[in-house]
Amino acid sequence: MTLGIERVGVVGGGRMGAGIAEVCARAGLDTLVCEVDATAARRARERVAASLERAVDRGKTDRPTAEHALARLVFTGSLDDLADRHLVVEAAVENPDVKTEIFTALDKIVEEPGAVLATNTSSIPVMRLGMATGRADRVLGLHFFNPVPVMPLVEIVTSLHTSAETASAVEEFAAATLGKTAIRSQDRAGFVVNSLLIPYLLAAVRMAESGFATAADVDAGMELGCAHPMGPLKLADLIGLDTVASIARSLYEEFKEPLYAPPPLLQRMVEAGLLGRKTGRGFHTYDRG
Ligand code: 3HC
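Everything quoted here is computed from the prediction, not taken from an experiment.

K.L.:
Requested: an account of the overall build of the protein chain, with residues and values cited.
P.N.:
Looking only at helices and strands, the protein chain features 11 helices and 8 strands. For the protein chain, whose C-alpha radius of gyration is 19 Å, the value lies close to the compact-globule estimate of 19 Å for 289 residues. Along the longest, intermediate and shortest principal axes, the C-alpha atoms of the protein chain span 55 × 45 × 35 Å. Residues counted as buried form 46% of the 289 residues belonging to the protein chain.

Structure representation (C-alpha cells):
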C-alpha cells in the first residue's frame, strides 16, 4: 500500500512536535501544526525558526531551503483544520487521558480516506489510543527522538489491531520521505529505546539523590568514560524531568519492576517545577535567553 502522504498534521508544538513539524516541512510536505492557543502557536513557530537557523549555521541546510520550510508550516488553534490530512502525528503531553481525548476527537475530524493517526508517545499503549477510535487498524506509534532534526531514529509501534499495510506504509514514509531509520517494536510500555534508557536515567538520579556522586561527576563519568554525547542527568534535563517521570510511571505501571519506579528526588523536582532545560533548571542550570 502506498499512502501518498503529502499533507501532514502535528498535534502539539512543544520540543517534539516542533521538531517533527520541522522535519516534515524540510521534506517538502504541507505541514499543519495544531496548538492550544495563539501564544503556544507563536512559541512553536519560534522553536522551529531557531532550529532551522542552527541547521543553516552548521551547514546542514541552506538559507533558501530553511526559509521555504518555515513558509510551508501553518499553525492553527483548531483540531478541525486537520480534516484533510493524510497523516496526523500526535505529540501532546505524555498523559494518557489527554492523548485519549485527542484521538477520540481526531477520529471524528480526520476524514481523508485511508488517513493514518500516529502517536509520538514514548510509553503509553498504542492499543489504548487505537481503541479510542473507530480505525484501530490505522493507528500506530511513530516515536521520534529528541532533538528530532538531529536524531536519525524512529520507532514504529504496532498494536494488535494495526494493519501490516499501515505499518509498512508509515515505515516507508519515515525512511524515504523523512530520511529516518525505522526500527519496529511491539506495543509494550517504553518500546525498545526507553525500556533500556529510562532505567539508566533513573539509576543516575538515584546516584545523585543518595550523594554517591555529584550530578556533574555522574555526567562526566559517562561522557568521558563511555563517550556518550551527554551524561544521563544532562540527557534527563534535555528530555524534561516531567516527561522522564511520566515514562517511568508508565513502565512501572506495566511491569511493576522497582527499576522503573521514579525516585523521590525526581518526583519532588517535578513538583517544584524544576523540569530541566525548558524551565532553566533541573540537575543543571541553563540560560533560557
Ligand atoms: N538541524 C540539523 N542538524 C543539527 C541541528 C539542527 N537544528 N542542530 C544541530 N545539528 C547537528 C550538528 O550539525 C551536528 O552534526 P555533525 O555531528 O554532523 O556536525 C550534530 O547535530 C550535533 O550538534 P552540535 O555539535 O551543535 O551539538 P552538540 O554537540 O552539543 O550535540 C546533541 C547536541 C545532538 C543533543 C547531542 O548532545 C546528543 O546527541 N545528545 C544525546 C541526545 C539523545 O540521546 N537523544 C535521545 C533522547 S531519548 C528520546 O528522545 C526519547 C523520548 O521518548 C524520551
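K.L.:
Which residues make up the site of the ligand, and what are the values?
P.N.:
Lining the immediate surroundings of the ligand are 19 residues, of which Ala55, Arg58, Ser122, Asn146 and Pro149 lie closest. Only α2 (38-57), α7 (193-210) and α9 (232-239) provide two or more residues apiece to the shell around the ligand. Considering each element in turn, the shell around the ligand owes the most residues, 3 residues, to α2. In terms of residue class, the shell around the ligand is built from 11 nonpolar, 5 polar and 3 charged.

K.L.:
Could you give an account of the pairing of strand β2 (residues 30-34), with specific residues and numbers?
P.N.:
Of all 5 residues making up β2, 4 are buried, and the element is well covered by its neighbours. The sheet contact formed by strand β1 (residues 7-11) and β2 spans 5 bridges and is parallel. Across the sheet, residue Val8 finds its bridge partner in β2, namely Thr31. After leaving β1, the chain enters helix α1 (residues 15-26) and then returns to the sheet as β2, a path that is right-handed.

K.L.:
Give me the UniProt feature "domain: 3-hydroxyacyl-CoA dehydrogenase C-terminal" (unreviewed entry) in the protein chain: which residues, what numbers.
P.N.:
Here, the residues flagged by UniProt with the feature "domain: 3-hydroxyacyl-CoA dehydrogenase C-terminal" (unreviewed entry) are residues 190-286. In residues 190-286, helix accounts for 63% and strand for 0%; the two terminal C-alpha atoms are 28 Å from one another.

K.L.:
Would you mind going over the domain arrangement of the protein chain in detail, with residue names and values included?
P.N.:
Once the domains are mapped, the protein chain shows domain 1 (7-186) and domain 2 (193-279). Summarising the inter-unit geometry, the C-alpha centres of domain 1 and domain 2 are found 26 Å apart. Each partner contributes to the interface: domain 1 provides 6 residues, whereas domain 2 provides 9 residues. Residue classes in the side of domain 1 that touches domain 2 are distributed as 1 nonpolar, 3 polar and 2 charged.

K.L.:
Explain the nonpolar core to me, and be specific about the residues and the numbers.
P.N.:
With 58 residues, the main nonpolar core has Ile20, Ala21, Val88, Val89, Ala118, Leu140 and Val170 as its most contacted residues. In terms of residue count, the dominant contributor to this core is α1 (7 residues). Every residue in contact with Val89, bar those within four places of it in the chain, is listed here: Val8, Val10, Ile20, Ala118, Asn120 and Leu142.

K.L.:
Mind laying out the confidence of the model for the protein chain, listing which residues take part and the relevant values?
P.N.:
Of the residues in the protein chain, 99% reach a pLDDT of 70 or more, and the chain-wide mean stands at 95. Scoring the predicted complex yields pTM 0.94 and, for the interface, ipTM 0.91.

K.L.:
Would you mind going over the packing of helix α8 (residues 215-226) against α9 in detail, with residue names and values included?
P.N.:
Running from amino to carboxyl end, α8 crosses α9 at an angle of 100°, the nearest separation of the two axes being 7 Å. With respect to their mutual orientation, α8 and α9 come out roughly perpendicular. On the side of α8, the interface is formed by Ala215, Val218, Asp219 and Met222, while α9 contributes Pro232, Leu233 and Lys234.

K.L.:
Explain the sheet that holds strand β4 (residues 87-90) to me, using residue names and the numbers behind them.
P.N.:
In spatial order, the strands read β3-β2-β1-β4-β5-β6-β7-β8; together these 8 strands make up an open sheet with mixed pairing. On the outer flanks of this sheet lie β3 (73-76) and β8 (181-186), each paired with one strand and no other. Going from strand to strand, the sheet's axes swing by 25° on average, the running direction of each strand aside. Relative to β8, strand β7 (residues 153-158) runs parallel, the two sharing 6 bridges. Across the sheet, the residue bridging to Leu153 is Thr181, located in β8.

The rules behind the values
- Residues numbered from 1 in each chain as written.
- Predicted model: local features only at pLDDT ≥ 70, side-chain atom pairs only at ≥ 80, totals over all residues.
- Helix = DSSP H or I, 4+ residues; strand = E, 2+ residues; numbered from the N terminus.
- Rg over C-alpha atoms; globule rule 2.2 N^0.38 Å.
- Buried ≥ 20, exposed ≤ 12 C-beta atoms within 10 Å, placed from the backbone.
- Near = placed C-beta within 6 Å.
- Nonpolar A, V, L, I, M, F, W, Y, C, P; charged D, E, K, R; others polar.
- Pairing = 2+ DSSP bridges.
- Right-handed = clockwise from strand over helix to strand, strands pointing away.
- UniProt positions renumbered as here; feature names shortened; annotations may be inferred.
- Domains from an automatic or database assignment.
- Contact = placed C-beta atoms within 7 Å.
- Core = buried A, V, L, I, M, F, W, Y, C linked by C-beta atoms within 7 Å.
- pLDDT = per-residue confidence, 0-100.
- Axes fitted to C-alpha atoms, helices over the stretch in contact; angles between N-to-C directions.
- Parallel < 35°, antiparallel > 145°, perpendicular 65-115°, else oblique.

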